[in-house]
Amino acid sequence: MLTLSVLGAWVATAPRTHAAILYFVPEKKSAAVGQEFFVDLKVNTEETSVNAAQATVHFPPDVLELLSVERSDSVFNFWVEEPSISNDEGALRFIGGTSKGVLGNALQILRMRFKMRGAGSATLSASDAVVTASDGKGTNVLSSVEDLKVGAGAQATDTSFQETPSAGVPRE
């Protein structure tokens, strides 16, 4: 019993490896209601080799409509769960991977094509996100997700895009 307690204390205090940052990159800085635009979902692995990622991307369906998802430039070449869109829920779900480890500060995961449905403010965010190290153990190395704030108005000049880092982790 004592051995289990000591082992449990060691596991609870062992440092976790966190390195990856998921973030959104908009194609352009403005869009009016009715216009379409692209947003890329990227990962900065911060010098850690990774081989898979999954997430649920959230968006407000009253302001944004997700028209399509492109994977052709993705670092992932197989999809355990194909990207699936629900405009009713305002969600995109995916699980992708590669058989080899990849690393870099701007690795493409997905390209999303949105349409501005209405005026207002919207935030693109991700939940249930995991980025796994290519370490043979599936270690989650995700340290943060940077949200993207989108504002839309009747005129293109009324719209702005702004990255919002979570957990205060800078991206290079």
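Conventions and cut-offs
- Residues numbered from 1 in each chain as written.
- Predicted model: local features only at pLDDT ≥ 70, side-chain atom pairs only at ≥ 80, totals over all residues.
- Heavy atoms only, no water.
- Helix = DSSP H or I, 4+ residues; strand = E, 2+ residues; numbered from the N terminus.
- Contact = heavy atoms within 4.5 Å.
- Areas by Shrake-Rupley, 256 points an atom, 1.4 Å probe, with all protein chains shown as cover.
- Pairing = 2+ DSSP bridges.
- Salt bridge = Lys/Arg side-chain N within 4 Å of Asp/Glu carboxyl O.
- Buried < 20%, exposed > 50% of the residue type's maximum accessible area, 1.4 Å probe, protein only.
- Lys, Arg positive; Asp, Glu negative; His and termini not counted.
- Core = buried A, V, L, I, M, F, W, Y, C linked by side-chain atoms within 4.5 Å.
- pLDDT = per-residue confidence, 0-100.

(A) Region of interest: the overall build of the chain. A count of helices and strands for the chain gives one helix and 10 strands. Listed N to C, the secondary structure of the chain is α-β-β-β-β-β-β-β-β-β-β in terms of helices and strands. If you take every contact in the chain between residues at least 6 apart in sequence, the share linking residues at least 24 apart comes to 71%. Total accessible area on the chain stands at roughly 8800 Å², and carbon and sulfur atoms take up 51% of it.

(B) Up close: the pairing of strand β3 (residues 50-58). Pairing geometry for β3 and strand β6 (residues 91-102), over eight bridges, is antiparallel. Residue pairing for β6: A55 is matched across the bridge by F94. Strand direction decides the pairing type here: β3 and strand β8 (residues 120-133), joined by seven bridges, are antiparallel. In the strand pairing of β8, A52 is matched with T132.

(C) Structural view of the pattern of salt bridges. Applying the stated criterion to the full structure yields five salt bridges. For R111, the salt bridge is made with D40, and the minimal N-O distance between the two is 2.7 Å. On the criterion of sequence distance, the pair formed by R111 in strand β7 (residues 107-116) and D40 in strand β2 (residues 36-44) is long-range, its members being 71 residues apart.

(D) The arrangement of the environment of A53 in detail. Within the fold, A53 resides in strand β3. Sequence-distant contacts of A53, defined by excluding residues within four places in its chain, comprise F76, F94, I95, G96, I109, V130 and V131.

(E) How the structure looks around the pairing of β6. In this sheet, β6 lies alongside strand β5 (residues 78-86) in antiparallel orientation, the contact comprising six bridges. Note on β6: the bridge partner recorded for S86 is A91. Counting the residues in the hairpin turn of β5 and β6 gives four residues, including G90, whose phi is positive at 70°.

(F) Inspection of the side chain of K42 at higher detail. Here K42 is to be found in strand β2. The buried charged residue K42 lacks any salt bridge partner; its closest oppositely charged side chain belongs to D40, at an N-O distance of 4.4 Å. K42 has contacts with I21, L22, Y23, V25, A106, L107, Q108 and I109, leaving out every residue within four places of it along the chain.

(G) Spatial organisation of the nonpolar core. Counting 41 residues, the largest nonpolar core has L64, F94, I109, M112, F114 and V131 as its most contacted members. The set of elements that each furnish at least two residues to this core consists of β1 (20-26), β2, β3, β4 (64-70), β6, β7, β8 and β9 (142-152). Beyond its immediate stretch of four places on either side in the chain, I109 contacts L22, L41, K42, V43, A53, S74, F76, W79 and F94.

(H) Region of interest: the confidence of the model for the chain. Across the chain, the average pLDDT comes to 84, with 77% of residues at 70 or higher. Mean pLDDT across the secondary structure elements of the chain bottoms out at helix α1 (residues 2-13), with 36, and peaks at β3, with 98. Counted against residues more than four places away or in other chains, residues 1-16, with its pLDDT under 50, gives one contact. Here residues 156-160 is modelled with pLDDT under 50, and outside its nearest four sequence neighbours on either side it reaches 18 contacts, counting other chains as well.

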